[in-house]
Amino acid sequence: MRAALTMQSQKLTPQQCYVSPGMPPLKLGKTTSFFEFWPSWLTYIPVALQWLALSVRYRSLTLPLIANPQLPLSGMVGIGKSELLQQASGELEHTILPWFAVEKTELPLATQVAAIKDQIDAAGFTYPLVCKPDIGCRGVGVKLIKNDNELMVNFNLYPASSKMVVQKLADFEPEAGIFFTRNPDESQGKIISLALKYTPYVIGDGRKTLAELIASDERAGTLTHLYQSRHKANWHNVIPAGEPYRLVFSASHSKGAIFRDANNLITEQLNAKLTSLMSDLPDFHYGRLDVKFKDVESLGKGENIQIVEINTASSEPLHIWDSNTSLRSAMSALLYQYKLLFQYGDANRTRGFKPPSIRKLIRHWRLEQKLSSYYAETD
């Protein structure tokens, strides 16, 4: 899709890329790290080994699944986004972008879509908007919906009894992933990771097709497989000179977005703001907030932010996917966060919460895998 943006006053050097207003300049550096696109099972081998060791120490294989005890399985897998979002109250509820969930039924598709449109009107927003699966991870099935026909085509893919989340499009394009934790025995929370999420662009020159622009781009050219199918309608079109063309809407690393370590942007003000906000979510202790913000100055103050999503037990500290992050640093961050899961689970077990069964975990994992096969390709 073409971004309705102009170059304005940005002056780019060969080492920089077009970025959305409000985001710091992006210096590409390494195109990708050598482990950045490893299969998940390979990346998580050290985590799995540590999990087994900590299970022996804490006498429970599923103890991490009560780190957020008011959410089934702590949201690890196969749990609807709506199950957590509907628990939000107070200021947090108003900071989350307006949303609602709709369940697919056996009624005629046109009837269901008409009802969704009524809910959109009642919620006070309009096209373009975002639709995404209630159950799904790693940005699967996220779509930017611009009209009634796109809404109908997308919803038609959902199987009966599954849910789709419909959400207002954010007012800002800059986005960050903020990993927030709070020990169940403490009142003060802590941000343990902050990463900026850049949506990649190529810049038209009036001569090259989109395919040629991507092939000649230092990073995008190595990730053609992530972009070709979603941009097939424009693949052989020439992009006008000076026009930024957005390659990714959903700022998910697995779909081709660029992440940058921004732990230097963590401030006491931002930490205090998130501690206050997350107190409006019962027994929330661990997860990553995907946040839209006006600019980095506002972000540091905890102002002008909109929460898109709250990811829980299976979420990652996104700075590990910065191409300049070493494997050692990335593994250290992953192991630390899973150690926290066990610690928080243990604290909540002391408070009377009971770890779930392995059977329940497997059942929800199978559900998520099954549903993910239905969804449309992520924008």
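Refer to the structure above for everything that follows.
Here the structure is a predicted model, which is why all the values come from computation and not from measurement. (Residues numbered from 1 in each chain as written. Predicted model: local features only at pLDDT ≥ 70, side-chain atom pairs only at ≥ 80, totals over all residues. Heavy atoms only, no water.)

## Some thoughts on the overall build of the chain
When helices and strands are tallied, the chain shows twelve helices and 13 strands. Oriented by its inertia axes, the alpha-carbon framework of the chain measures out at about 65 × 50 × 40 Å. Counting across all 379 residues of the chain, residues that qualify as buried make up 54%. Across the chain, contacts joining residues at least 24 apart in sequence account for 76% of those joining residues at least 6 apart. By element, 53% of the accessible surface of the chain is carried by carbon and sulfur atoms, the whole surface being about 17,200 Å². When the 41 positive and 36 negative side-chain charges of the chain are each reduced to one mean point, those points stand 6 Å apart. (Helix = DSSP H or I, 4+ residues; strand = E, 2+ residues; numbered from the N terminus. Buried < 20%, exposed > 50% of the residue type's maximum accessible area, 1.4 Å probe, protein only. Contact = heavy atoms within 4.5 Å. Areas by Shrake-Rupley, 256 points an atom, 1.4 Å probe, with all protein chains shown as cover. Lys, Arg positive; Asp, Glu negative; His and termini not counted. Charge placed at Lys NZ, Arg CZ, Asp CG, Glu CD.)

## Observations concerning the sheet that holds strand 6 (residues 163-168)
Pairing is antiparallel in the open sheet, where four strands are placed in the order 3-6-4-5. The strands lining the two open edges of the sheet, one partner per strand, are strand 3 (99-103) and strand 5 (143-145). Sheet twist, expressed as the average angle between the axes of neighbouring strands with direction ignored, equals 30°. Here strand 3 runs beside strand 6; their pairing, made up of five bridges, is antiparallel. In the strand pairing of strand 6, Trp99 is matched with Gln167. The sheet contacts of helix 5 (residues 109-123) involve strand 3, strand 4 (129-133) and strand 6, and relative to strand 3 the element is tilted by about 165°. Taken strand by strand, helix 6 (residues 148-156) contacts strand 3, strand 4, strand 5 and strand 6, and its axis lies near 145° from that of strand 5. (Pairing = 2+ DSSP bridges. Axes fitted to C-alpha atoms, helices over the stretch in contact; angles between N-to-C directions.)

## A few points about the state of the cysteines
Taken as a whole and assessed by the stated rule, the structure comprises zero disulfides. With no disulfide of its own, Cys131 lies closest to Cys137 among cysteine sulfurs, the gap being 19 Å. Exposure remark for Cys131: the relative accessible area of 0% places this residue in the buried category. Classification of Cys137 by relative accessible area gives partly exposed; the value is 38%. (Disulfide = S-S within 2.5 Å.)

## A word on the pattern of salt bridges
As a working rule, side chains carrying opposite charge can pair if their charged atoms are close by. What the rule picks out here adds up to 15 salt bridges. Measuring nitrogen to oxygen at the nearest pair gives 3.2 Å for the salt bridge that ties Asp205 to Arg207. Judged by relative accessible area, Asp205 falls into the partly exposed class, the value being 23%. When its relative accessible area of 61% is taken as the criterion, Arg207 is described as exposed. (Salt bridge = Lys/Arg side-chain N within 4 Å of Asp/Glu carboxyl O.)

## Overview of the pairing of strand 13 (residues 305-311)
Within strand 13, seven of the seven residues are buried, which leaves it mostly tucked inside the rest of the structure. Here strand 12 (residues 286-293) pairs with strand 13 via six bridges, running antiparallel. Bridging across to strand 13, Arg288 finds its partner in Asn311.

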